[in-house]
Amino acid sequence: MGSSVATFRAAAAAAGVFLSLTIVAAAEPAIREVRIGMIARKPPPPPTFSFDAVPEDEGFAGARVAIKENNTTGAFTGRRYVLDEAPLKEGEPPAETARKLIEGGAGFLLVNLPADDLIGVADAVRGRDAIVFNVGAPDDRLRGADCRANVFHIAPSRAMLTDALAQFLAFKRWRKLFLIVGPKAGDKLYAEAMQRSARKFGLAVGAEKTWEFGPLVQTKGDSPAQADALVFTRGADYDMAVVADEAGDFGDYIPYRTWDPRPVGGTQGLVPSSWHATHEAWGAAQLQNRFRRAAQRVMRPIDYQAWVAVRAVGEATTRLPDAGPKDAGRFMLGESFDLAAFKGVALSFRPWDLQLRQPILLAQPRALVSVAPEAGFLHQRTPLDTLGFDQPETACRWR
């Protein structure tokens, strides 16, 4: 009898274990795939030697790190995140590439392209259940007259960058500026943004000159050109020289070559940006180290912006698990969405132009100097909205 009872108990225990395992297995969530595409042009080959050449994997490397982080959470929430990389060859149309990515199942597109190409991609996927993230183009018109309802902007606008610099200068009481403008279209747009920021924060552009000495940084300038450039800054009364040279043709040549001993900022010198290799506060050192291990180099602003976009997708699809891309986009515009991104405050999107609110770092080449918004610059909604175009200023009318 005792042997029979023991046998029954053993069988029941075994059956119980089997039943328990069956219940656990049945309770596991079905894995749902979230595909994220990324489109960018391959950088041109660098010259024989370049101190800071654009890496071939710029942006893609940041997205890969974020995909890995999303999948860490996804293992518990039933999500698997996949990155579809689309580096464009010479002459390859980005709009057609975007359509192929959408047809292949990508509902979210990261785009690191100039403004006109970005608009082309957004228009090509309009009407699809898809969201586009601008991770590279700083053009203010993309948040204004040329805004699109399906484009979320992770890259800070030029207005945000120059507002950050102007806040710092106002805080320091360095109110007189000498604006040095390069010959390219982006340089002129940066200069226009700086002029606007100066008016906004009570600074004065006392002098403005166009650079006419060519790409001295690229050509390693000869002695006569150096002498001419030295004279170029003579006679101006200013506290800081602000350089508008987005291509890096001459801006790094300016510091220590001005006629008077004055600091230099803008696109070179003291630079406002979304990210910097020396930023380590608020846990940023963890991300810096993870990225360095993965990519074998430092994290650049485009890498960070791609990382933020992928993490935003991960946050939205975790919080709203059954949502499609457009539903996720609407959620990202709501008050319940925020994103931790190693900048000391939670980030969110502005509903009037879909721009990511974020602090802007101001750094010299080897050290972080300040973080905007600066102390004392207040706003009725959030100090982050002191950077860039506020809601009453926006020219965005959705298309």
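Just above, that's the structure.
Before going into details, it helps to say that this report is about the structure given with it. (Residues numbered from 1 in each chain as written. Predicted model: local features only at pLDDT ≥ 70, side-chain atom pairs only at ≥ 80, totals over all residues. Heavy atoms only, no water.)

**Re the nonpolar core**
Okay, step 1: Residues Ile 36, Leu 110, Phe 133, Tyr 304 and Trp 307 are the most contacted members of the largest nonpolar core, which totals 45 residues.
Okay, step 2: Of all the elements in the fold, those that place two or more residues in this core are strand E1 (32-41), helix H2 (60-77), strand E2 (79-88), strand E3 (106-112), strand E4 (131-134), helix H9 (284-295), helix H10 (301-319) and helix H11 (325-332).
Okay, step 3: When residues of this core are assigned to their parent elements, the largest contribution, 9 residues, is made by H10.
Okay, step 4: If near-sequence neighbours (up to four positions away) are discounted, Trp 307 is found in contact with Gly 62, Ala 63, Val 65, Ala 66, Glu 69, Leu 287, Met 299, Ala 340, Ala 341 and Phe 342. (Core = buried A, V, L, I, M, F, W, Y, C linked by side-chain atoms within 4.5 Å. Buried < 20%, exposed > 50% of the residue type's maximum accessible area, 1.4 Å probe, protein only. Helix = DSSP H or I, 4+ residues; strand = E, 2+ residues; numbered from the N terminus. Contact = heavy atoms within 4.5 Å.)

**Observations regarding a nonpolar patch on the surface**
Okay, step 1: Residues Leu 230, Val 231 and Trp 259 make up a contiguous nonpolar surface patch of about 240 Å² in total accessible area.
Okay, step 2: Topologically, Trp 259 is positioned in the loop between strand E8 (240-244) and strand E9 (264-266).
Okay, step 3: Overall, Trp 259 belongs to the partly exposed group, its relative accessible area being 40%. (Patch = residues over 30% accessible without salt bridge, like charges linked within 9 Å, V, L, I, M, F, W, Y side chains within 5 Å. Areas by Shrake-Rupley, 256 points an atom, 1.4 Å probe, with all protein chains shown as cover. Salt bridge = Lys/Arg side-chain N within 4 Å of Asp/Glu carboxyl O.)

**Observations concerning the packing of aromatic side chains**
Given two aromatic rings, one states the distance between the centres and the angle between the planes to describe the pair.
Okay, step 1: What the rule picks out here adds up to 16 aromatic pairs.
Okay, step 2: Arranged with centres 5.9 Å apart and planes meeting at 45°, the rings of Phe 133 and Phe 152 form a pair that is tilted. In this pair, Phe 133 is assigned in strand E4 and Phe 152 in strand E5 (residues 151-153), connecting sequence segments 19 residues apart.
Okay, step 3: A relative accessible area of 1% means that Phe 152 is categorised as buried.
Okay, step 4: The interplanar angle of 45° and the centroid separation of 5.7 Å between the aromatic rings of Trp 307 and Phe 342 together place this pair among those described as tilted. Separated by 35 residues along the polypeptide, Trp 307 in helix H10 and Phe 342 in the loop between H11 and strand E11 (348-349) bring together distant segments of the chain. Each member of the pair, Trp 307 as well as Phe 342, is classed as buried.
Okay, step 5: Among the aromatic residues, those joined into a ring-pair cluster are Phe 178, Trp 211, Phe 213, Phe 232, Tyr 238, Phe 250 and Tyr 253.
Okay, step 6: Taking the ring centre of Tyr 253 as reference, the NZ or CZ of Arg 257 above it sits at 4.1 Å.
Okay, step 7: Across the ring face of Tyr 238, the terminal group of Arg 262 is positioned such that the distance to the ring centre comes to 6.0 Å. (Phe/Tyr/Trp six-rings, centres within 6.5 Å; stacked < 30°, edge-to-face > 60°. Lys NZ or Arg CZ within 6 Å of the ring centre and 35° of its normal.)

Everything listed is a geometric property; what it means functionally is a separate question.
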